[in-house]
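The lines below spell out each chain.
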Amino acid sequence: MNKSYVILCMYEDLIGGKTLRIKDCQTEYSVSVPTFRRYIALLREYFAERRAVDIVYDKEAGGYRTES
């Protein structure tokens with residue numbers, strides 16, 4: 001899968017209220033941990049600027065989710 005497609009899939013998951021877990025994304029999108037973290041950083045910046053929403057790490061859920 002290419003970078004744009006993976007980021008769009010992650011975006012849709014976050015918009016839908018899903019928690020993104022590193023292991024799940026590694027399996028589903030075939031991305032490394034550093035690549036996943038770069039994509040999350042990009043999405044954090046986008047969400048903060050365009051949607052006024054934060055992406056936070058939820059320790060209990062073990063992944064990243066949106067927080068208003």
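The shown structure was predicted, so the numbers you read here are calculated from the model rather than taken from an experiment.

Novice: Can you help me understand the nonpolar core in this one?
Specialist: Nonpolar side chains tend toward joint burial in soluble globular proteins. Judged by nonpolar contacts, the single largest core of 18 residues is most densely connected at Met10, Leu20, Tyr29, Phe36 and Leu43. At the level of secondary structure, the elements contributing two or more residues to this core comprise helix H1 (3–15), helix H2 (22–29) and helix H3 (33–51). Apart from the residues within four sequence positions on either side, Leu43 is in contact with Ile7, Met10, Tyr11, Leu14 and Ile55.

Novice: Would you take a moment to explain the pairing of strand S2 (residues 63–67) for this structure?
Specialist: On a regular strand, each side chain points to the face opposite its neighbour's, so the side chains alternate between the two faces of the sheet. One ladder, built from five bridges, connects strand S1 (residues 54–58) with S2; its direction is antiparallel. Across the sheet, the residue bridging to Val56 is Arg65, located in S2.

Novice: Looking at this structure, how should I read unusual backbone geometry?
Specialist: Keep in mind that most residues, glycine aside, have a negative phi and that most peptide bonds are trans. Unusually for a residue other than glycine, Ser30 sits at a positive phi of about 55°. With respect to the helices and strands, the residue Ser30 is situated in the loop between H2 and H3. The residue Ala52 is not glycine, and still its phi comes out positive at about 55°. Structurally, the position occupied by Ala52 is in the loop between H3 and S1.

Novice: It is not clear to me how H1 should be interpreted in this structure. Could you clarify?
Specialist: Residues separated by three or four positions in an α-helix point in the same direction, a consequence of the helix having 3.6 residues per turn. Over its 13 residues, H1 runs 18 Å from end to end, which matches the ideal 18 Å to within 8%, given 1.5 Å per residue. Inspection of H1 places Val6, Ile7, Cys9, Met10, Asp13 and Leu14 among the buried residues, and these make up the whole buried set. Along H1, the residues classed as buried sweep out an arc of 160° about the axis, all on the same side. For H1, the exposed residues lying more than 90 degrees away from the buried face are Ser4, Leu8 and Glu12. Against the buried residues of H1 lie H2, H3, S1 and S2. N-capping of H1 is provided by Asn2, with a side-chain oxygen placed 3.2 Å from the backbone N of Ser4. Just downstream of H1, Gly17 is the residue with a positive phi angle, here 85°.

Reading the values: the criteria
- Every residue gets a number counted from 1 within its own chain, in the order that chain's sequence is written.
- Local features in this predicted model are restricted to residues of pLDDT 70 or higher, and side-chain atom pairs are both shown and tallied only at a pLDDT of 80 or more, whereas totals for entire chains, interfaces and linings draw on every residue.
- To get the side-chain values, take all heavy atoms of the structure and skip hydrogens and water.
- Each nonpolar core is a collection of buried residues, namely Ala, Val, Leu, Ile, Met, Phe, Trp, Tyr and Cys, held together in the definition by side-chain atoms within 4.5 Å.
- Three labels apply to residues, based on accessible area from a 1.4 Å probe with only protein chains included: buried if under 20% of the type maximum, exposed if over 50%, partly exposed otherwise in between.
- Under the DSSP-based scheme used, a helix requires at least four consecutive residues in state H or I and a strand at least two consecutive residues in state E, with every element numbered from the N terminus.
- Throughout, a contact is declared for two residues whenever any of their heavy atoms are within 4.5 Å.
- Whether two strands pair depends on DSSP finding at least two bridges between them.
- One fewer than the residue count of a helix, multiplied by 1.5 Å, yields its expected span.
- Directions pointing from the helix axis toward each C-beta atom define the arc.
- The definition of a polar contact used here is a pair of N or O atoms within 3.5 Å, where within protein one atom must be able to donate a hydrogen and the other to accept one, and adjacent residues in sequence count solely through side-chain atom pairs.

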